[in-house]
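Each chain is listed here by its residues.
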Amino acid sequence: MSNRNQEINDAISKLESFKADPAYAKDAYAIDENIIFLKSIKNIFSYIGWLIKRPKMIAPERLLELTDFPVEAWDLKMHRRLIDVERNKHIGVGKPLVDKILAYVESEDRPLTLVNLGAGGMEVDRQVIAALLEKKYSRPLVIIGVDKSRTTQKIAKENLGSLGNGVNVIERDRLTRGELDAIKAVNAGITVILCGNDIFGLDKEFPAGSFDLIYHSIFKHHLPSDTRPCLDELMKKLSRTAYEYDGFRTWQVIVPLTVVAWNYPFFLGAVVFSNIRFDKEPVVKARAGARILSFHKNTGHYLLEL
């Protein structure tokens, strides 16, 4: 049996164990859909059949991705492949947000504090920092990566390590206002703070306007629909500028992404299930209203300035 098929079978067995656990009763629908999907990707023909028939039958609001379940190995494998794809300049996932953040930092030309919500592996931030180091950027810069998952914090630290001595990385279980002020007081270069704060509790620790820029990348669709407006309000309250970067539902990207994801079942699941959970383009436009919005149809993502 190939390693790929072994991974798939092991994941199915783990999901079956969740299904038998009363603690996961509320997730039964999502567990079943993930099992059906995993069985379909054992060969390309059953996967094509799944793509043709199954997505239109799925309730996106009841769906979970494999990395939404508490299995560290799944999280590690998905995020490491995601980082590889985000680094691929020919694909360009994340590039619109990277360019936007860089333009903001360079135009402000002053000490700044940035916050990445649901930061994951922080590849967007790594690319921003790498570009600034190359340009010999000299202003003090603090980037706070907020993510409750210790696994993704581990991935982020590993990913940022590729920058060498160009960046100072600090880890905190929970970042306080006093600690941030102390770090900023001595920071003369680029510092990244990885912290596990509750995103929706940040406004209890930090006063309005505490940060210069807040953003998130391919994160919002993971949230329940009733909490998404709360995220918008939190960002507007805590920062002077805010960017939302996420996907919109389009099947034209599934074929090329399947090619790069096929040998990585957890990443493939994230790609396909995320697309099902994304809002359609007209819904994104309606929600954006008069705010600045751009669509990047080559990757199936949009960038919204809140």
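Below is a short write-up of the structure. (Residues numbered from 1 in each chain as written. Predicted model: local features only at pLDDT ≥ 70, side-chain atom pairs only at ≥ 80, totals over all residues. Heavy atoms only, no water.)

**A word on the sheet that holds strand 8 (residues 301-305)**
Move 1: Here we have eight strands laid out as an open sheet, ordered 3-4-2-1-5-6-8-7, and mixed in their pairing. Bordering the open sheet on either side are strand 3 (168-172) and strand 7 (293-296), each of which pairs with just one other strand. Between one strand axis and the next, the sheet turns by 15 degrees as a mean value, whatever way the strands run.
Move 2: One ladder, built from five bridges, connects strand 6 (residues 239-247) with strand 8; its direction is antiparallel. Paired with Y243 across the strands is E305, a residue of strand 8. (Pairing = 2+ DSSP bridges. Helix = DSSP H or I, 4+ residues; strand = E, 2+ residues; numbered from the N terminus. Axes fitted to C-alpha atoms, helices over the stretch in contact; angles between N-to-C directions.)

**Topic: the nonpolar core**
Move 1: Ranked by internal contacts, the top residues of the largest apolar core, which has 69 residues, are L15, W74, I101 and L114.
Move 2: It is helix 12 (residues 265-277) that contributes the most residues to this core, eight residues altogether.
Move 3: Among all residues touching W74, those that are not within four sequence positions of it are A11, K14, L15, F18, L66, T67, F69 and F266.
Move 4: One finds I144, V146, I193 and F206 within the second-largest nonpolar core, a separate group that totals 29 residues. (Core = buried A, V, L, I, M, F, W, Y, C linked by side-chain atoms within 4.5 Å. Buried < 20%, exposed > 50% of the residue type's maximum accessible area, 1.4 Å probe, protein only. Contact = heavy atoms within 4.5 Å.)

**Observations concerning the pattern of salt bridges**
Move 1: For the coordinates displayed, the defined rule picks out 30 salt bridges.
Move 2: D203 is the salt-bridge partner of K237, the closest N and O atoms lying 3.4 Å from each other. Within this pair, whereas K237 is found in helix 10 (residues 228-238), its partner D203 is found in helix 9 (residues 202-205), the two being separated by 34 residues in sequence.
Move 3: On the basis of relative accessibility, which here comes to 25%, the residue D203 falls in the partly exposed class.
Move 4: Residues joined in a network through salt bridges with shared partners are K220, D232, E244, D279 and R287. (Salt bridge = Lys/Arg side-chain N within 4 Å of Asp/Glu carboxyl O.)

**Things to note about unusual backbone geometry**
Move 1: Although it is not a glycine, D109 sits at a positive phi angle of roughly 50 degrees.
Move 2: Its place among the elements puts D109 in the loop between helix 5 (95-108) and strand 1 (112-117).
Move 3: With a phi close to 60 degrees, M122 is a non-glycine residue in the positive phi region.
Move 4: Mapped onto the elements, M122 comes out in the loop between strand 1 and helix 6 (123-134).
Move 5: The class of M122 is buried, set by a relative accessible area of 2%.

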